[in-house]
2 protein chains.
Amino acid sequence: MNSIVSMLRERGIQPTPQRMAVAEFIFGIKSHLSADQVLEQVRSKCPTISRATVYNTLNLLVEKKLLKAQVLKEGTVVFDSNVQQHHHFIDEETGEIYDIPWEALRVTGEKSLRNFRVRELQVILRGKRIKK
Amino acid sequence: MNSIVSMLRERGIQPTPQRMAVAEFIFGIKSHLSADQVLEQVRSKCPTISRATVYNTLNLLVEKKLLKAQVLKEGTVVFDSNVQQHHHFIDEETGEIYDIPWEALRVTGEKSLRNFRVRELQVILRGKRIKK
DNA sequence: TCTATATTTAGACATTGTCAAACATTTTTC
DNA sequence: GAAAAATGTTTGACAATGTCTAAATATAGA
């Protein structure tokens, strides 16, 4: 039985062909893509899908906590299939986004902030990725 | 002598009336506004200024390090007249952005990241601002 | 002043995102 | 089981953000 079908059904999402095409694509990659980049890729499997449906589906998956929308790039939201807490590194030359494991960094002091109830936090690092 | 005029001249920026209007406005507020919000406000002082000039001027001030462009809001860059290192808190209900002083938080571990040369970092906190 | 350079402008264009209406599906009623 | 109603899904058209160009305007230097 297709695991993505049950994943969607568990959250009360009807697995229409369009939604399946989007979900199968986005859960099959690790990169951080914009909605239009997802559209472009999904169209190769499902050429008639509309832009609005891709946007609707991605936002629905975010609402159902299967996906996370991240504000990391200028001008566009990117979608992250990693919904665990983690940080991000952005290569300033290429724009490429890399996940940094939660355990790699430690942030302290947010508990002492008066006037702010912190629900989540992340560190955004910028610099140059070093080719190994 | 007007301090903004000398500030611009020091960086080799000709202080035209349009640039002065943008600079006086943006350096006189603490909020984080988008280019179109700046346009709207500046037009009340200088009604004939064009959208392109506001975009050009803001980007020029960023290039000359008098302003920092921040990717904090979906869909638009915001401009921050605080160019010192600091963190940001975003109220998830209102979208309001608050500066968090650099000293309020401590981040450790970024020196040990293999494969990444970190040039700058900031913590992005999200939650609810508590009315005092 | 004349000339070269710098700046501003309106509008065209590209990209990202939203919305109301059209369309399809499921449920209810008989 | 068919028709009607309610619900859910998809779509094209539209709005907002940002960049670019070419023409007009302003400024600085000889």
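Read on for a plain summary of the structure. (Residues numbered from 1 in each chain as written. Chains lettered and ligands numbered in written order. Predicted model: local features only at pLDDT ≥ 70, side-chain atom pairs only at ≥ 80, totals over all residues. Heavy atoms only, no water.)

## Overview of helix α1 (residues 3–10) of chain A
Residue and element names in this part refer to chain A. Three or more residues of α1 are buried, namely I4, V5 and L8. Each buried residue of α1 sits inside an arc of 105° when the element is viewed along its axis, so together they form one side. Residues of α1 that are exposed and angled more than 90 degrees away from the buried face: S3 and E10. Taken together, the buried residues of α1 touch α2 (17–26) and α4 (51–63). In the stretch just after α1, G12 is the one whose phi turns positive, near 75°. (Buried < 20%, exposed > 50% of the residue type's maximum accessible area, 1.4 Å probe, protein only. Helix = DSSP H or I, 4+ residues; strand = E, 2+ residues; numbered from the N terminus. Arc of directions from axis to C-beta. Contact = heavy atoms within 4.5 Å.)

## Details of the relation of the copies chain A and chain B
Once turned by 179° and shifted 0.1 Å along the axis, chain A lies on chain B with an RMSD of 0.2 Å. The superposition operator between the copies reduces to a two-fold rotation axis. When the interface residues of chain A are mapped onto chain B, 100% of them again fall at the interface, so both copies present the same face. (Least-squares fit on C-alpha atoms with pLDDT ≥ 70 in both.)

## Here's the deal with the packing of helix α3 (residues 35–45) of chain A against α4 of chain A
Working note: a packed helix pair is described by the angle between its axes plus the distance between those axes. Residue and element names in this part refer to chain A. Relative orientation of the contacting elements α3 and α4 amounts to 115°, with a least axis distance of 9 Å. Handedness of the α3/α4 crossing: right-handed. Together, A35, D36, V38, L39 and R43 of α3 and R51, V54, Y55 and L58 of α4 make up the contact between the two elements. (Axes fitted to C-alpha atoms, helices over the stretch in contact; angles between N-to-C directions. Left-handed = near helix turned anticlockwise from the far one by under 90°.)

## Notes on the side chain of D80 of chain A
Residues and elements named next belong to chain A. One can find D80 in strand β2 (residues 76–80). Buried and unpaired, D80 has no salt bridge, with K68 as the nearest side chain of opposite charge at 8.4 Å. Separated by 3.2 Å, the side chains of D80 and H32 make a polar contact. At 3.0 Å, the side chain of D80 and the side chain of H86 are in polar contact. Leave out the neighbours within four places in its chain, and D80 touches H32, L67, K68, Q70, H86, H88 and D99. (Lys, Arg positive; Asp, Glu negative; His and termini not counted. Salt bridge = Lys/Arg side-chain N within 4 Å of Asp/Glu carboxyl O. Polar contact = N/O pair within 3.5 Å; in protein donor to acceptor, adjacent residues only side chain to side chain.)

## A look at the protein's contact with DNA strand C
In the vicinity of DNA strand C lie 18 residues, with R51 and V77 of chain A together with T16, R19 and T53 of chain B positioned nearest. For DNA strand C, the backbone portion of the atoms within 4 Å of the protein, that is sugar and phosphate, comes to 71%. In this structure, R51 of chain A approaches DNA strand C through a side-chain N or O atom, which is 2.5 Å from a base nitrogen. At 3.4 Å, a side-chain N or O of Y55 of chain A approaches a phosphate oxygen of DNA strand C. (Near = heavy atom within 4 Å.)

## Some thoughts on unusual backbone geometry
With a phi close to 65°, K65 of chain A is a non-glycine residue in the positive phi region. Considering the arrangement of structural elements, one finds K65 of chain A in the loop between α4 and β1 (68–73). Although it is not a glycine, N115 of chain B sits at a positive phi angle of roughly 75°. Residue classification places N115 of chain B among the partly exposed residues on the basis of a relative accessible area of 29%.

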